Each structure stands twice: as C-alpha cells, then as structure tokens.
Amino acid sequence: MPRLLSLDQSGRFEVGAMKVERDEKAAVRPANMGSVVIGVVIFVCSLFFVFYLVPNYIQEPPFLQNPMMSPRFLPGIVGWLTVIFSLLLAFDGVFGKPSIEQSSQEENAPLLRWGAMVVALAIYLLCFEALGAIIAGILATLILFIAHPIRTWWQYSLAFVLPILVAVIFINVMNVPLPLLFF
C-alpha cells in the first residue's frame, strides 16, 4: 500500500501525487501590523461609543411607537457596525496575506490625497443644505474616489447610486426630512 503523506528533504509534504510546501515564517508575526493596531484602537473606541456614549448622552423619549424612531437607533447601528468592521480589520491584519504593493502605496500616499479627503468632508458639510443631500453626497463621493486609486467606471457609478440610496432610505424608510435639491 503506498504512503499517502510523506515529507521530503526540501520541506515539502507529499500527499499522494500532490506536493504541498510548508511555510514556517507565516505564523511568526501578523501580516499587516498597522491594520491590527488600527483595528484594535477603533474596536476600543467603538465599544466606548456603544456602551457609554450612546446610553448616557442620547436621551430617549419615554413613549415611542416605533423603536426605529428612537434617537439611539441609528447611532447604535453605526456603533455595532464599527465594532464588527474593526474586528474584521484586525483579523485581516493577523491572518491576511501581506501585500507589499499596498503597504508601499500607503507609505507613499501623497499629501494631496489627504487634502482631497478634507475637501470632500468640507464640501459635504458646507453644501449639504445649499445644494441638497444628493448633490453634496455625489460631489463628496466623487472627490473621495478620485483621491484614491479607483480606476474602473462601475465604481464611479456608485458615487451616484449611494447618495441617492441613502437619501431614499432616510426620507422614505426612516421619515427623516433631508434637503433634496437646491431649488
């Protein structure tokens, strides 16, 4: 009967006719330490937000017909999503594959990219009421997409779809009035 599993001199396992190489350095340190640190910091901050800030500083009226109408509803959802995504970021930093080109892009990120993100935030904040939620959202999202290395046309179409979708959810589902257009 042939051996199903054997180890040769080069450190490769041989399973039947397949050869599998062993990587001894993969489990030594996290693939992306920056992601781990950022994920843990955001995780701690989001837990502080969910368990301390939301319950203690957002007042809830005593009589609510619908729990979705509570002022704590949306901050709670955003807080828990931040908890989940921060854990995913930390786990990706530990168990993900190291990306040399991504880390070099992040280290060499131009100051112009950071400036574009600040401009996008300023446009959204300053033009929200003047231009309306949809147009301000489209402009800010387009600036963010241009500032980052997004180069496919279908991703730029999301800059139009997402602000419209968010406005429709706020207006029709949550009954939150938003300024739609500038006229």
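I will try to describe carefully the structure that is included in this document.

Rules behind the numbers
- Residues numbered from 1 in each chain as written.
- Predicted model: local features only at pLDDT ≥ 70, side-chain atom pairs only at ≥ 80, totals over all residues.
- Heavy atoms only, no water.
- Helix = DSSP H or I, 4+ residues; strand = E, 2+ residues; numbered from the N terminus.
- Buried < 20%, exposed > 50% of the residue type's maximum accessible area, 1.4 Å probe, protein only.
- Contact = heavy atoms within 4.5 Å.
- Phe/Tyr/Trp six-rings, centres within 6.5 Å; stacked < 30°, edge-to-face > 60°.
- Axes fitted to C-alpha atoms, helices over the stretch in contact; angles between N-to-C directions.
- Parallel < 35°, antiparallel > 145°, perpendicular 65-115°, else oblique.
- Left-handed = near helix turned anticlockwise from the far one by under 90°.
- Nonpolar A, V, L, I, M, F, W, Y, C, P; charged D, E, K, R; others polar.
- Expected span 1.5 Å × (residues − 1).
- Bend = angle between axes of the 7 residues up to and from the residue.
- Patch = residues over 30% accessible without salt bridge, like charges linked within 9 Å, V, L, I, M, F, W, Y side chains within 5 Å.
- Areas by Shrake-Rupley, 256 points an atom, 1.4 Å probe, with all protein chains shown as cover.
- Salt bridge = Lys/Arg side-chain N within 4 Å of Asp/Glu carboxyl O.

**Here's the deal with the overall build of the protein chain**
- Secondary structure summary: the protein chain contains six helices and three strands in total.
- Listed by position from the N terminus, the elements making up the protein chain come as β-β-β-α-α-α-α-α-α.
- A burial count over the protein chain gives 19% of its 183 residues as buried.
- Of the contacts formed within the protein chain by residues at least 6 apart in sequence, a portion of 53% connects residues at least 24 apart.

**Brief notes about the packing of aromatic side chains**
- Under the criterion given, the structure shown has six aromatic pairs.
- Aromatic ring contacts, followed pair by pair, group F48, Y52 and Y57 into a single cluster.

**Quick look at the side chain of S86**
- Tracing the sequence through the fold places S86 in helix α2 (residues 73-95).
- Note on S86: relative accessible area 3%, which makes it buried.
- Each residue touching S86, except ones within four places of it in the same chain, is listed here: G39, I42, F43 and S46.

**With respect to the packing of helix α1 (residues 33-57) against α2**
- With their axes 8 Å apart at the nearest point, α1 and α2 run at an angle of 160° to one another. In terms of their interaxial angle, α1 and α2 are classed as roughly antiparallel. As for how α1 packs across α2, the hand of that crossing is left-handed.
- Partitioning the contact of α1 with α2 into residue classes produces 17 nonpolar, seven polar and no charged.

**Thoughts on the environment of I58**
- The residue I58 is located in the loop between α1 and α2 in this model.
- With 14 residues separating them in the primary sequence, I58 and R72 have C-alpha atoms 6.3 Å apart.
- Ignoring anything within four residues of it in the chain, the contact list for I58 reads L53, P71, R72 and P75.

**Some details on α2**
- Given a rise of 1.5 Å per residue, 23 residues ought to cover 33 Å, and the 33 Å separating the end C-alpha atoms of α2 matches this to within 8%.
- When α2 is considered as a whole, its buried residues turn out to be P75, G76, G79, V83, S86, A90 and G93.
- Buried-residue contacts for α2 involve α1.

**Comments concerning helix α4 (residues 111-131)**
- For α4, built from 21 residues, the straight-helix expectation of 30 Å at 1.5 Å per residue is met to within 8% by its first-to-last C-alpha distance of 28 Å.
- Its maximal kink placed at L125, α4 deviates by approximately 35°.
- Regarding α4, the residues found buried are R113, A116 and A120.
- Taken from the residues just after α4, G132 is the one with a positive phi, measuring 105°.

**Things to note about a nonpolar patch on the surface**
- Together, M68, W153, W154, L158, F160, V161, L162, L165, I169 and V173 make up an exposed nonpolar region whose accessible area comes to about 970 Å².
- Position of L162 relative to the elements: it lies in helix α6 (residues 153-173).
- Exposure remark for L162: the relative accessible area of 39% places this residue in the partly exposed category.

**Structural notes on the side chain of S35**
- Along the chain, S35 falls in helix α1.
- You can call S35 buried: its relative accessible area is 13%.

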